[in-house]
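Close look at the chain arrangement
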Amino acid sequence: MESQCTPCPAGHYCSAASLTAPSGLCLAGYYCTIGIARPAPAGEAFTGDGGGCPQGHYCPAGSPYPYACPSGTYNNLTHRQDCLPCPAGHYCAENTSDYNAFPCPAGFYCPEGTKHSAQFPCPRGYYNPDPRTHSLDSCLPCTPGHYCGVEGLNTVSGECDPGWFCVSAAWTPQPFDLDNYTSANCLCPATATGGKCLPGFYCPEGSTEPISCPSGSYCGDAGLPAPSGECAAGFFCSGGAETPKPTDTVHGDICPPGTFCPNGSHHPQLCPSGTFSADYSLGSVSECKACPTGYYCQGPGITSPTGQCPEGYYCPEGQILAHSLPCPRGHRCPGGSSEPIPCQSGSYQDEERRASCRTCEAGRSNRTE
């Protein structure tokens with residue numbers, strides 16, 4: 001009796017009368033709702049009459065309805081029994097028919113089969129300015145002097161903090177190499193990522209490497225954004241000094257005899273001609289001693305007078321040359337004279353550059369009327 005017949009079940013077709021079982025499964029690429037008579041029904045999609053599998057879906061043999069393509073796949077064709085992997089450089093959400101509408105965003109990468117836009121972010125310490133990339137290699141190390149502090153960046157987060165330096169792939173503005181790593185998808189850099197500036201160096205904001213403390217200055221602590229100050233008077237700082245009074249001879253030293261060093265000295269300055277100094281740590285030129293009377297100090301940077309003033313000449317304080325002041329007539333200048341000595345009564349000198357006076361002959365006098 002016809003009233004006791006059962007409709008052909010979904011996913012099957014029943015092609016003849018008087019059947020005791022369905023004729024078979026709906027063909028792959030099609031779906032069959034209840035009561036379908038053909039294995040490849042021609043009904044419009046989702047009308048309840050069965051039909052060809054629509055885009056964004058797949059229909060294996062025996063499908064009672066179209067199955068949505070799962071995330072990570074797509075189908076841009078009809079009558080398909082399976083879905084295709086989402087191409088690299090794109091992501092495919094569920095039910096995708098056109099992957100071109102879903103390019104991988106900058107800051108991420110999308111290998112084949114990517115399910116959603118944020119599935120594969122570039123790790124900390126890296127960034128990716130380009131869309132449609134497909135591998136971890138597309139993520140670029142954070143540029144020197146900068147850090148990339150979170151995942152999924154399409155540009156750097158900012159500059160390295162003052163007092164620190166960022167070499168490459170830093171993910172914090174204050175990098176320590178032992179801490180600078182990522183827990184997943186690690187891109188371990190081949191070199192150090194950065195660190196804190198050590199004493200003897202300073203690091204302004206955005207530093208790519210420590211800068212040696214300049215000559216004439218010192219950098220006394222770690223983490224300095226600028227030099228601590230000037231080298232102390234009496235010392236010189238030749239570069240990389242950690243103290244205002246260096247004595248290691250590499251980064252500076254105490255000012256040696258014959259020189260003076262004002263605040264901020266790069267190197268010792270020579271005491272000028274006419275002066276000398278046997279002392280260490282002079283802080284100004286005024287501390288160089290004037291050459292004493294009766295001596296001369298020829299040339300800069302000497303530690304003692306060059307010598308005694310020679311006979312026939314005199315040398316006042318600060319004298320530079322031995323023979324620049326000849327003894328005048330009527331005077332005598334023995335060795336070591338600070339000034340000409342007048343000839344005494346009963347003596348005379350009618351020539352220059354003489355160490356002694358002559359005795360007057362009998363009947364003559366050196367007096368003038």
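The rules behind these values
- Within each chain, residue numbers correspond to sequence positions counted from 1 in written order.
- Side-chain atom pairs in this predicted model are given and counted only at pLDDT of 80 or more, local residue features only at pLDDT of at least 70, and totals for whole chains, interfaces and linings cover all residues.
- Excluding hydrogens and water, the side-chain values take into account all heavy atoms of the structure.
- Count a disulfide wherever a pair of cysteine sulfur atoms falls within 2.5 Å.
- For every residue, the accessible area (1.4 Å probe, protein chains only) is compared with the maximum for its type, and the residue is labelled buried under 20%, exposed over 50%, or partly exposed between those bounds.
- Pairs were defined over the aromatic rings of Phe, Tyr and Trp, the Trp ring being its six-membered one, requiring ring centres within 6.5 Å. Orientation was assigned from the angle between planes: stacked under 30 degrees, edge-to-face over 60, tilted for the rest.
- Helix and strand assignments come from DSSP, with helices taken as H or I runs of at least 4 residues and strands as E runs of at least 2, each series counted from the N terminus.
- A side-chain nitrogen of Lys or Arg and a carboxyl oxygen of Asp or Glu constitute a salt bridge if their distance falls within 4 Å.

1. Focus: the state of the cysteines
For the coordinates displayed, the defined rule picks out 18 disulfides. Put simply, Cys160 and Cys166 are joined by a disulfide, and their sulfur atoms are 2.2 Å apart. When the S-S torsion is 75°, as for the bridge of Cys160 with Cys166, the disulfide is right-handed. Residue Cys160 shares its accessibility class with Cys166, and that shared class is buried. Counting only cysteine sulfurs, Cys14 is the nearest neighbor of Cys5, a cysteine outside any disulfide, at a range of 10 Å. Left without a disulfide partner, Cys360 is nearest to the cysteine sulfur of Cys343, which lies 8.7 Å away. Relative accessible area serves as the criterion here: at 16%, Cys360 is assigned to the buried category.

2. So, the packing of aromatic side chains
Within the structure shown, the criterion is met by six aromatic pairs. For the ring pair Tyr74 and Tyr99, a centre distance of 4.9 Å and an interplane angle of 75° mean the geometry is edge-to-face. Residue Tyr74 is found in strand E7 (residues 73-74), and its partner Tyr99 is found in the loop between strand E8 (84-85) and strand E9 (126-127); the two are separated by 25 residues along the sequence. When the centroid spacing of 5.5 Å and the interplanar angle of 35° are considered together, the rings of Tyr109 and Phe120 count as tilted. Of the two residues, Tyr109 sits in the loop between E8 and E9 while Phe120 sits in the loop between E8 and E9, which places them 11 residues apart along the sequence. Classification of Tyr109 by relative accessible area gives buried; the value is 6%. Through pairs of rings, three or more aromatic residues link up here, namely Tyr58, Tyr65 and Tyr67.

3. Observations regarding the pattern of salt bridges
The full count for this structure, using the stated rule, is six salt bridges. Its salt-bridge partner being Asp279, residue Lys289 comes within 3.9 Å of it at the nearest N-O pair. Of the two residues, Lys289 is situated in strand E24 (residues 289-290) and Asp279 in the loop between strand E23 (275-276) and E24; the sequence distance between them amounts to 10 residues. The partner of Asp350 in a salt bridge is Arg358, with the nearest N and O atoms 3.6 Å apart. Of the residues examined, Asp350 reaches a relative accessible area of 42% and is grouped as partly exposed. Using a relative accessible area of 35% as the deciding quantity, one classes Arg358 as partly exposed. Among the ionic contacts, a cluster of salt bridges with common partners joins Asp350, Glu351, Arg354 and Arg358.

Any functional reading would require information that these geometric values do not contain.
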